[in-house]
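# Notes for the structure review
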Amino acid sequence: MTTTNNIPRDGRLNSPWQKGILIPGDDKKKVRPENTYDCLIVGGGITGLTAAVLLQNEGYNTIVADANTIGFGTTGGTSAHINTFADTNYKEAASAFGEEGAKLFAEAINEGFDLIRSNIDKYKIDCDFETKPGFVYAETDKELSFLEDMFEGAVKVGVPVEYIEDVPTPVKYIKALKWDGQAQFHPVKYLKGLQEAYIAAGGVIAENTLVEGVTNEDGVLIAKTSENAYRARNVIYATHMPPNINVINFEAAPYRSYVVAVKLKSDAYPDALVYDCQEPYHYIRTHVIDGEKLLLVGGADHKTGHGDPEKAFADLEEYIRKYYDVASVEYQWSSQYYIPADGFPYIGQLPFAADGIFCASGYNGNGMMLGSIAGKILSDLVSKRSSKYEKAFSPARIKPIDSFTEFVKENADVAYRFVADRFNVDEIDTLKDLPNDTGKVVEVDGKKVAAYRDEQGKIHVLNPVCTHAGCIVAWNGEEKSWDCPCHGARYDINGKVLTGPTTRDLPAINIA
Ligand SMILES: Cc1cc2nc3c(=O)[nH]c(=O)nc-3n(C[C@H](O)[C@H](O)[C@H](O)COP(=O)(O)OP(=O)(O)OC[C@H]3O[C@@H](n4cnc5c(N)ncnc54)[C@H](O)[C@@H]3O)c2cc1C
């Protein structure tokens, strides 16, 4: 297993995108807290840097603040497929938002795709961008009906797709679709290119700067950070989920997704992007890292804090070994994405917040295209230009009836966790029973604690109550993190925030 870790990420496992990439870092010396910036962009992933480059190049005076470093979030742990189709298929989009809504969604996906391509050309970004065909196949009758819906929906909105006989997969399928002109790239090399373009345009980046919240003081937005405060006329929360308690917490549910990268004994690597229709689905693609070709296989998704990460990796590896002759497992990592309650992303003014505070979330597994188009939409809104997507993607939209069930289900689950997890504890009486390199929520002297015993035997004890909305965190033994099953906040073994929406660490408990 590769252990080099050049840029940090929000988990213990390494993705191949972190390796060997020296990104420019921040330049806090250039921050002018006395200035009122035109726009503060919070978050240095694909959404934040896309918006930042667009605004700074338009002549706005902007600043990017990231609680960690560029690429620390999901963009550093993605699988970086760039598609003309999406997890909400165009038939589903039409049934929830009408045919016009589905067409608009297809335009957004395509425009996001084109923006990536044009940024690569314009800023000469060397990020392994390659165009490849995409194949989606069905193995059962139930999956066939899903595939047919995918086809029908795409044809209606004018996205090119065709039925095809030959798919580069060893899996037996009954019918398949081919989408020409799909693409893949190295997401962190792309971020690096955006970052360089932003700095060249005069942009300022403040890393290790957590934005705790934003208030409106006499018409100026004041963003309180861990060190001081930034003044801005507009704030974009490009944080994947806006921080603290807000309406998006209840509109988009956090999911973990897993990727395993292997070397094969033979050259049976497909020169394509291949997806099945299972629930959750698997996808396969290749990437050359350090001159070595790797097969990347992803899937095994589950709601954050609910599944078993160890089993997810084991299932994925078993799946790969069933179909391919694996020489070695080179990487395995997981990351987090957000499923929107009604299928469309939430991009625009943050409801119930001061005017000029914008957010972008709920991209599902399509954040390369949707994060890019979000950057464009939000730069339009900051510039007071209208955007044709503003209404459809508004975070304040009223949801269609048929998606309401999903909304109720996700939130009923949050309520359940809030109560049930307070009473469920692992049956460990004393911390002595906790094996090395393991974490558990246990009871000590009648008090519930989140305890982790590290590889050297040292115990780290935390208050297990998530600082976001008060649910009890669950141990993630693969990423060595405490994950909240309600809204997806995550913490490291010392309680430091890894993933929002919380902005406050889990307090340590002294049990000596
Ligand atoms: C395993 C996996 C595979 C995926 N594969 C694909 C794919 O193939 N194609 C595709 O299109 N999409 C894919 N996605 C989805 C896509 O990767 C994400 O939607 C996208 O990367 C999100 O980018 P972002 O910039 O919005 O957020 P992030 O990349 O998560 O960046 C958010 C940044 O905000 C910072 N931050 C958070 N809170 C604060 C705060 N309070 N103050 C300051 N900074 C803060 C974080 O440190 C982080 O750097 C995948 C997702 C997963 C999990």
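Conventions used here
- Residues numbered from 1 in each chain as written.
- Predicted model: local features only at pLDDT ≥ 70, side-chain atom pairs only at ≥ 80, totals over all residues.
- Heavy atoms only, no water.
- Buried < 20%, exposed > 50% of the residue type's maximum accessible area, 1.4 Å probe, protein only.
- Helix = DSSP H or I, 4+ residues; strand = E, 2+ residues; numbered from the N terminus.
- Pairing = 2+ DSSP bridges.
- Core = buried A, V, L, I, M, F, W, Y, C linked by side-chain atoms within 4.5 Å.
- pLDDT = per-residue confidence, 0-100.
- Contact = heavy atoms within 4.5 Å.
- Axes fitted to C-alpha atoms, helices over the stretch in contact; angles between N-to-C directions.
- Disulfide = S-S within 2.5 Å.
- Near = heavy atom within 4 Å.
- Polar contact = N/O pair within 3.5 Å; in protein donor to acceptor, adjacent residues only side chain to side chain.
- Nonpolar A, V, L, I, M, F, W, Y, C, P; charged D, E, K, R; others polar.

Within strand β13 (residues 283-289), 6 of the 7 residues are buried, which leaves it mostly tucked inside the rest of the structure. Here strand β12 (residues 273-276) pairs with β13 via 2 bridges, running antiparallel. Bridge pairing links V274 to I284 in β13. Counted between consecutive antiparallel strands, the loop separating β12 from β13 contains 6 residues. In terms of strand pairing, β13 meets strand β14 (residues 292-303) through 7 bridges, oriented antiparallel. Paired with I284 across the strands is V297, a residue of β14. Hairpin connection of β13 to β14: 2 residues between the antiparallel strands, including D290 at a positive phi of 55°.

Quick look at the nonpolar core now. Grouped together as the largest cluster of nonpolar side chains are 105 residues, with contacts concentrated most on F105, W179, F185, Y190, I236 and F393. Of the residues forming this core, the biggest block, 11 residues, is contributed by helix α2 (residues 90-122).

Considering the arrangement of structural elements, one finds T239 in the loop between β10 (229-237) and β11 (252-264). A residue is classified by how much of its surface remains accessible, and T239, at 30% relative accessible area, is partly exposed. A C-alpha to C-alpha distance of 30 Å links T239 and K132, two positions 107 residues apart in sequence.

Moving on, we come to the confidence of the model for the protein. Of the residues in the protein, 93% reach a pLDDT of 70 or more, and the chain-wide mean stands at 93. Note that residues 1-5 has pLDDT below 50 and, in this model, 13 contacts with residues that lie over four places away or in other chains.

The antiparallel open sheet is built from 3 strands, whose spatial order is β18-β19-β20. Both outer strands of the open sheet, β18 (438-444) and β20 (459-462), are each paired with one neighbouring strand and no more. Sheet twist, expressed as the mean angle between neighbouring strand axes with direction ignored, is 30°.

A word on the state of the cysteines. Summed over all chains, the structure comprises 1 disulfide. Covalent S-S linkage joins C471 and C486, the inter-sulfur distance amounting to 2.1 Å. Its S-S torsion of about -90° marks the bond between C471 and C486 as left-handed, since a negative value means left-handed. A residue pair is termed long-range when its members are at least 10 positions apart, and C471 in the loop between β20 and β21 (474-476) and C486 in the loop between β22 (481-483) and β23 (490-491) qualify at 15 residues. Free cysteine C39: the closest other cysteine sulfur is in C359, separated by 13 Å. Relative accessible area serves as the criterion here: at 0%, C39 is assigned to the buried category. By relative accessible area, C359 is classed as buried at 0%.

Next up on the list: the site of the ligand. The full set close to the ligand counts 38 residues, and T47, D66, T75, H81 and M368 are the nearest of them. The backbone of H81 places a nitrogen or oxygen atom 2.7 Å from an oxygen atom of the ligand. When contributions to the shell around the ligand are tallied by element, the ones reaching two or more residues are α1 (46-57), β11, β15 (326-340) and α6 (367-382). Of the residues contributing to the shell around the ligand, the split by class is 15 nonpolar, 22 polar and 1 charged.

Bringing the environment of F135 into the picture now. Take F135: it is sitting in strand β4 (residues 130-138). Note on F135: relative accessible area 6%, which makes it buried. Each C-alpha atom of the pair F135 and V274 lies 4.8 Å from the other, and the pair is 139 residues apart in sequence. Aside from chain neighbours lying at most four places away, what touches F135 is I164, D166, V167, P168, L177, K178, A272, L273, V274 and Y275.

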